[in-house]
Amino acid sequence: MLFGPPGAGKGTQAGAMVERFNLCHLSTGELLRSEIAAGTPLGLQAKALIEAGNLVPDSVVEGMIEDKFQSVKGVKGFLLDGFPRTLAQAEALDAILAKRGEQVTACVSIMIPDALIHERIAHRAQIEGRADDARPEVVENRIKTYHDKTEPLIAFYKKAGKYSEIDGVGTIEQVRERIFSAMDKF
Ligand code: ADP
């Protein structure tokens, strides 16, 4: 899985990783945005939460991930991006994988300082036009949510011996090389 604060560059780096290791990229943020675009009941439920910078309920994202594990065939594994984001999701993921006789291989964490998060998201707002990137108070809430709810996962995966942290400050290519050498160790 790819771990890191909003704006760390997870989505940017995912493409090269899936290609190199023959993985299926699963981004819960992207899956939720396509539900919103399609106007499904799940999308309607998620929209207000996402646009306020809050997390959607654990059960929603856990269900989406489990469905994909079941339906996607012909890959060597999955690259999880933006999931898990809470301890409850991490525990649910372990249970879902255990039922399949599988387990998490590694948690590769891209770290950037909070100041750079603001800079990167402000830049992305101009390019991608995501509603949750546009308002500074929403970005602030996403960073706070990351520190409060998601950061505890670092200790969880460290304890499991699956955590590898890389410096996310640098060019896309530099960060990619750091990720590849981290992945090669697992
Ligand atoms: P970023 O990493 O830049 O915050 P994402 O596309 O990963 O962007 O997520 C966008 C939003 O989608 C999150 O702020 C959150 O509201 C929702 N979301 C994505 N993944 C999860 C998750 N695993 N659990 C709960 N909410 C999620």
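Residues numbered from 1 in each chain as written. Predicted model: local features only at pLDDT ≥ 70, side-chain atom pairs only at ≥ 80, totals over all residues. Heavy atoms only, no water.

**Section: the packing of helix H4 (residues 58-71) against helix H5 (residues 87-99)**
- Put simply, H4 and H5 touch, their axes get as near as 10 Å, and they point 25° apart. With respect to H5, the element H4 is oriented roughly parallel. In this structure, the crossing between H4 and H5 has a hand that is right-handed. Of the residues in H5, those in contact with Asp58, Val61, Glu62, Glu66 and Phe69 of H4 are Ala88, Gln89, Ala92, Leu93, Ile96, Leu97 and Lys99. (Axes fitted to C-alpha atoms, helices over the stretch in contact; angles between N-to-C directions. Helix = DSSP H or I, 4+ residues; strand = E, 2+ residues; numbered from the N terminus. Parallel < 35°, antiparallel > 145°, perpendicular 65-115°, else oblique. Left-handed = near helix turned anticlockwise from the far one by under 90°. Contact = heavy atoms within 4.5 Å.)

**Considering the pattern of salt bridges**
- For the structure shown, the criterion picks out eleven salt bridges.
- Here Arg142 and Asp132 are joined by a salt bridge, their closest N and O atoms 3.8 Å apart. Here Asp132 lies in helix H7 (residues 131-134) and Arg142 lies in helix H8 (residues 136-150), a separation of ten residues in the sequence. Asp132 matches Arg142 in its accessibility class, with the two residues each being buried.
- As a salt-bridge pair, Asp148 and Lys144 come within 2.6 Å of each other at their nearest N and O atoms. Within this pair, Asp148 and its partner Lys144 are both found in helix H8, separated by four residues, close to a single helical turn. (Salt bridge = Lys/Arg side-chain N within 4 Å of Asp/Glu carboxyl O. Buried < 20%, exposed > 50% of the residue type's maximum accessible area, 1.4 Å probe, protein only.)

**Description of the site of the ligand**
- Close to the ligand lie 20 residues; Thr28, Arg33, Asn54, Gln89 and Arg124 are nearest.
- In the environment of the ligand, a nitrogen atom lies 2.8 Å from a nitrogen or oxygen atom belonging to the side chain of Thr28.
- Take Arg142: an N or O atom from its side chain is 3.0 Å from an oxygen atom of the ligand.
- Compared with its free state, where it exposes 540 Å², the ligand has 97% of that area covered by protein.
- Among the elements that take part in the shell around the ligand, helix H2 (residues 28-38) stands out by supplying four residues, more than any other.
- When the residues that make up the shell around the ligand are grouped by side-chain class, the tally is seven nonpolar, six polar and seven charged. (Near = heavy atom within 4 Å. Polar contact = N/O pair within 3.5 Å; in protein donor to acceptor, adjacent residues only side chain to side chain. Areas by Shrake-Rupley, 256 points an atom, 1.4 Å probe, with all protein chains shown as cover. Nonpolar A, V, L, I, M, F, W, Y, C, P; charged D, E, K, R; others polar.)

Everything listed is a geometric property; what it means functionally is a separate question.
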